[in-house]
Each structure stands twice: as C-alpha cells, then as structure tokens.
Amino acid sequence: MSAILLRRTLAAGRWRLLAVAAGLATWGFMLCAVYATFGAEIRRIVEGGYFGDLLDALTAIGGGSVFTLGGSVALSFIHPVSIALVAVLAIGHPMAALAGERQRGTLEVLLARPISRRRVYGTALAATDLFVVGVLAANLGGVIAGATLFDVADELRLDRLLLVWANAVLLYTTVGALALAASATFDRVAPALGIVVAVAITSYAVELLGALWPEMAGVRPWSLFHYFQPAEIMAGVASPMDAVALAGISVAAISYGLWVFPRRDLAAPS
Amino acid sequence: MNAIETVGLTKRYGLHGAFGRLGRGRRDPVRALEEVTLAVRPGEIFGFLGPNGSGKSTCIRVLLGFLHPTAGAARVLGLDAERDGVAIRARVGYLPGGIALYDGMTGADLLDYLGSFYDRPPALRTRLLDGLELAARDLSRPVRDYSRGMRQKLGIVQALQHDPELAILDEPSEGLDPLMQRAFYEILDERRAAGRTVFLSSHILSEVERVCDRVAIVRRGRLVALEEIGALLARRRRTVEMRVDGPPPSLTGVPGVTDVVVVDGHLRCHLEGDVRPFLAAIAGAPVSDLTIEPARLEEAFLEFYEDREPAEAGAAAAGAGAGDDRDAERTEQ
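Residues numbered from 1 in each chain as written. Chains lettered and ligands numbered in written order. Predicted model: local features only at pLDDT ≥ 70, side-chain atom pairs only at ≥ 80, totals over all residues.

Chemist: Describe the overall build of chain B, listing the residues and the values that go with them.
Modeler: Secondary structure assignment for chain B yields 13 helices and 14 strands. A buried classification covers 40% of the 333 residues belonging to chain B. (Helix = DSSP H or I, 4+ residues; strand = E, 2+ residues; numbered from the N terminus. Buried ≥ 20, exposed ≤ 12 C-beta atoms within 10 Å, placed from the backbone.)

This is the structure we're talking about:
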C-alpha cells in the first residue's frame, strides 16, 4: 500500500464520501424515527391479518421491517436504498481506481512512478474499505442518533448493533473486492461495471426470491446477501459461518486481483 | 553499461493463455515488435522514429514494464525491464504520448503529487517551469482549464523535474508552439550536457535532426535503421543545381554523382556521400551559381517508410549501417 496514493485517493473522494455518508446517516435516522413514530400502528395492522402473510414474506429478506427496532436497524442496512448508496463507493470507487484510470490514461502516469502494480491494487482496496467503513459508520451513527432522539435506545443492544455493522462492512468489502478484481481485468469501465452490477443484482434477486418462494430457498446460499442477516444478528441467532463465507469470497477475489493485475499487459489507452 | 539495451525484443498480442487459444485460435497474433535489438548509450539523445502503429509506443511500454515481452529481453540502466520495473522507474522520467492528467488538481498540486513518489527532490522544476514559461499563476489553476500546449508543458515538467538519469519521451513537442519547441530543445541540450540520456519518439523530423545524436527507425515492428544522424544525412542524396558560363564540367565517373542533366548552361544532378570528389571535379569550371540542397532527414525517413517488404527495407538498413559502430547498432530483418 502506498501512503501517498492513499492520501490522494481519500482527498479526491472526500466529497462523494461525505455525500453518501450523509445519505446513509439520514436513512438510518429516518428508519428509527419511523419505527418510534409509526412502528406500533404498523405492527397492529400487520397483526390484524389484513395483508395475510404478504408483509411477513416481504420483510423476510434480512428481516427488515419498521415494526421492531431490530427490523428497522436491519432495514437501514439491507434496503435497496442503502445498498445503492453504499455501492456508489463499494463498486464505484474500484471501477474508477483501476479501469477508470486506465480508460482515462492516468493509470499510465501513475505507474510511471516507482510504485508496483500490487501496491496500487492494495491501495485501491484499502481506500475502498475505508470508504465502506466510513459510510457504514455514518449509517450506524444515524441509527444510534435516531434511537436516542426518539427515546427508544434502551431497546438497542449496542454489541449486536456493532456486529451488524461489522458484518455489513464484510459484505461490502466482498463486493468491493469483486469490483476491484473486475476492474483490474478490463481496460474499460463499462464491461467491468456491467459484470459487477449484474452479479450484485442477481445476488440480491436470488436472496429475495429464495426468501419469498420456498421452492427457491435452496439457491439462497449462492447469493452474497444471504451471508448478511442483520435481523438475525440483532436477535442474537446469526451464524458466524456467514462471516467466514464472506471472508472466503473476499480472499479469493483479492488473490485473483493481485495475481492478474501485475501480470496483464497495459497497452496504450485508446 | 548502456542506458537501454534490447535483444531480440518481440511483442505479439493475442493468443495468450487458455482464453486466447479458445477464443481467437483462428486469428493471427498482432506482431507489434519483431526481434528488435538496439542499444542506447549513456548521455546521448536517441530518436525513435516510425509511422503510426510501427511499434514505437509498444517498445517504450515494454521498457517501462507496462507490457510483457513475448520473447527477447530489455534492460534499462542495467536492470531487467520485467523484473526490476519499480527500480527502473525510480531512475527514469516518462512522458506518455498524449498525456492524460488529473483534471481536478491544480498544476502545482499535480507536480507535487507526482514528484512525491520519488526519493529525489524536484531539483529541476524551477528551471523547467522558467524555460517552458509556466508561471505560478498558471500552476494555481486546475489542469482542466489548461490548453493542450500547457498540458504538454506540464507533462514535460513532471517527467524531468526529478532529474532522471534517463528520460523516455513519447512525442514530447506535440502541441508546443515553435517558441516552446525551441525552449524544449534547449532543455534537451542541457540534459545531454549534464550527461543524462534521452530516448524520444517523434514525428517531427526537423526536431529529431536538431536534437538527436542517433536515430532508430522502426516499421511494422521491425528495426529498419539505426545510425548517427550525421551518417544518415551524409548518405542521403542531395540535389545540385549549377549555372555555368561556358562548357559544363564533366561529371562522368565522379563518385556519388548521378542523374546529370545539362540544359542551356544549367546543370542539375544528384550527389550522394562524400562531397569532395564532386568539388574537385568542378574546380576550374566556369561556375556562375551553385546550389547544393542540404540532405534532410525527411528523405531518409520517407525512404524507410515506403511500403516495401521488410527484407528489402532491412537490406537498405544494413547498407545504411555500414562502417558504423556495430557493437551498439544492429539492424534487424
């Protein structure tokens, strides 16, 4: 890892980081506010049986809902809105760092310095992780601020909340590692981004369908999102194997990237 | 130790690994470089010429470790280009062709950032900025506001500011106005005077003629000529025009003189090689006017650029190199 490159990367991405962090903090805060304000009413509606099992099924992915605080916390981390916000950095930054720089021609200028490709790769990975840690910390901060302000903080288990945060960091680190591996493989952003977005959307759809449709439950382990169950963590019933699975995928993606990036030819940008 | 040394350097694109064999098995690989062998001496300015797509940039990218050679080897400052890329780049300054810069940074920040990767201080920055007329006010603006010429100047400064032992410059005067080109040539002269080596690729033949000690010409990935600029020019055909007030001198059998045409006291011929036999032959002739058009690199260059078979071009190059330092200069066919 290069400290010079890392400083420059963080400086260049600071406004994007702040914007996404503000969005996620607001999102986390808002879900706690919705729970504190309307949670009891929504729970009564659900328990009244007006919707049959529909709401139960729809909230099965990640256990997200706004009629328990644990569910609200889960929703703040696993809802498509928060996924899209985190992806701006977890996918966007790796794309810009290698394939984007390659496409613009600036990677050539950087690699003309005495810095190895492995260090460039390691720095891009570290920066991605720091961005992910930062924006998810903002999400966490928003949840804690919302729960405190709306006087429901006593329902929160801080240790479990931190585990949710750590598991989310691991999930998006894995997504970032996959994105960086794709970015290191292609000369242009479009194919790399296409593959990673397709993997992410398919992965989410597989988990969602597997949760809604019992016949498809068997495919859920093929989804990255299957290994992040915030509601289970908040309830204290999560499996530590989820973290092991995500760590394994991360290590595989990072190993591939570290193998392919120094070995590939970098022809003149077109 | 040579500043740059390549032996049988070959680069082909395509057909690499399992993906290449599966997906493109019926396609011929692109032969970007074919057995290029050359040596650049320390302290010289070496011109690397060739038409678009001839393999100049590929060769430069192999030297810097951006591309891995298919065969052969390259050494830069005595280090292996494949294995020792980081150590090489610590001692080299590089200006890519059509350089891309970080548009959001100011010129000053960019130079600081790019210079901070080196152990050497940016000792030449002030001199380069002065020479290329980049004022502090210009450097305080974001690079996105720069004209093409200013970007190129900034590219030159970032490549040379840390006083590299070897500068590899790809089309360095592209986008510079004539005044700035002259300033850049002065900088190159200073590099040579300081004992530093410059390897530059260029399409501007007057520039190569003006600044380079030796020149290599590549075509279709092959080296077709490599020799001293002076020797290359000395062998070029010059056109002689002469007006005589009486009988024209006999030029039959004079070494190097061909295509003699005399019309109404006006003699025209071509002259190659040593000029002294010609001068001796016209001594005493009633010459009232004499013009010998100087040999230009352009003619030599175009000769090698002509669309001939590589073997033919190689033979021409072999002839061109006769009598030169064959240790350092090899002509490939």
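Chemist: So, the packing of helix α4 (residues 69–78) of chain A against helix α8 (residues 117–149) of chain A: which residues are in play, and what are the values?
Modeler: Residues and elements named next belong to chain A. Running from amino to carboxyl end, α4 crosses α8 at an angle of 150°, the nearest separation of the two axes being 10 Å. Considering the angle they form, α4 stands roughly antiparallel to α8. Crossing hand, α4 versus α8: right-handed. Contacts between α4 and α8 involve Leu 69, Val 73, Ser 76 and Phe 77 on the former and, on the latter, Asn 139, Val 143 and Ala 147. When its residues are assigned to classes, the contact of α4 with α8 shows five nonpolar, two polar and no charged. (Axes fitted to C-alpha atoms, helices over the stretch in contact; angles between N-to-C directions. Parallel < 35°, antiparallel > 145°, perpendicular 65-115°, else oblique. Left-handed = near helix turned anticlockwise from the far one by under 90°. Contact = placed C-beta atoms within 7 Å. Nonpolar A, V, L, I, M, F, W, Y, C, P; charged D, E, K, R; others polar.)

Chemist: Describe helix α2 (residues 56–63) of chain B, with residues and values.
Modeler: For α2 of chain B, the buried fraction is high: eight of the eight residues fall into the buried class. One or two residues past the end of α2 of chain B sits Gly 65 of chain B, with phi positive at roughly 85°.

Chemist: Can you break down the sheet that holds strand β9 (residues 214–219) of chain B residue by residue, with the values?
Modeler: Residues and elements named next belong to chain B. The strand order across the open sheet formed by six strands is β6-β7-β8-β3-β9-β10, and the pairing between neighbours is mixed. Single-partner strands in this sheet number two, and they are β6 (92–95) and β10 (222–228). Strand-to-strand twist of the sheet, defined as the mean angle between neighbouring strand axes without regard to direction, takes the value 15°. Where strand β7 (residues 166–170) meets strand β8 (residues 197–201), five bridges bridge the pair, whose relative direction is parallel. Within β8, the position partnered with Ile 168 by the bridge is Phe 199. Contacting β3 (45–49), β7, β8 and β9, α2 runs over the sheet at an angle of about 150° to β7. Set on the sheet, helix α7 (residues 148–160) makes contact with β6 and β7; between it and β6 the angle comes to about 165°. (Pairing = 2+ DSSP bridges.)

Chemist: Outline the pairing of strand β4 (residues 71–76) of chain B, listing residues and values.
Modeler: Residue and element names in this part refer to chain B. Pairing between strand β1 (residues 4–13) and β4: five bridges, direction antiparallel. Bridging from a neighbouring strand, Thr 10 pairs with Ala 71 of β4. In this structure, β4 lies alongside strand β5 (residues 79–80), joined through two bridges in antiparallel fashion. Each bridged residue has a counterpart across the sheet, and for Val 76 the counterpart in β5 is Leu 79.

Chemist: With reference to specific residues and values, describe unusual backbone geometry.
Modeler: Leaving glycine out, the prevailing phi sign among residues is negative, and the prevailing peptide bond configuration is trans. Within the chain, Asp 163 of chain B stands out as a residue other than glycine whose phi angle is a positive 55°. Relative to the assigned elements, Asp 163 of chain B resides in the loop between α7 and β7.

Chemist: So what's going on with the interface of chain A and chain B? Residues and values would help.
Modeler: In this assembly, 18 residues from chain A lie in contact with 21 residues from chain B. Elements represented by at least two residues in the side of chain A that touches chain B include exactly α1 (3–12) and α7 (106–111) of chain A. For the side of chain A that touches chain B, the per-class residue count stands at ten nonpolar, three polar and five charged.

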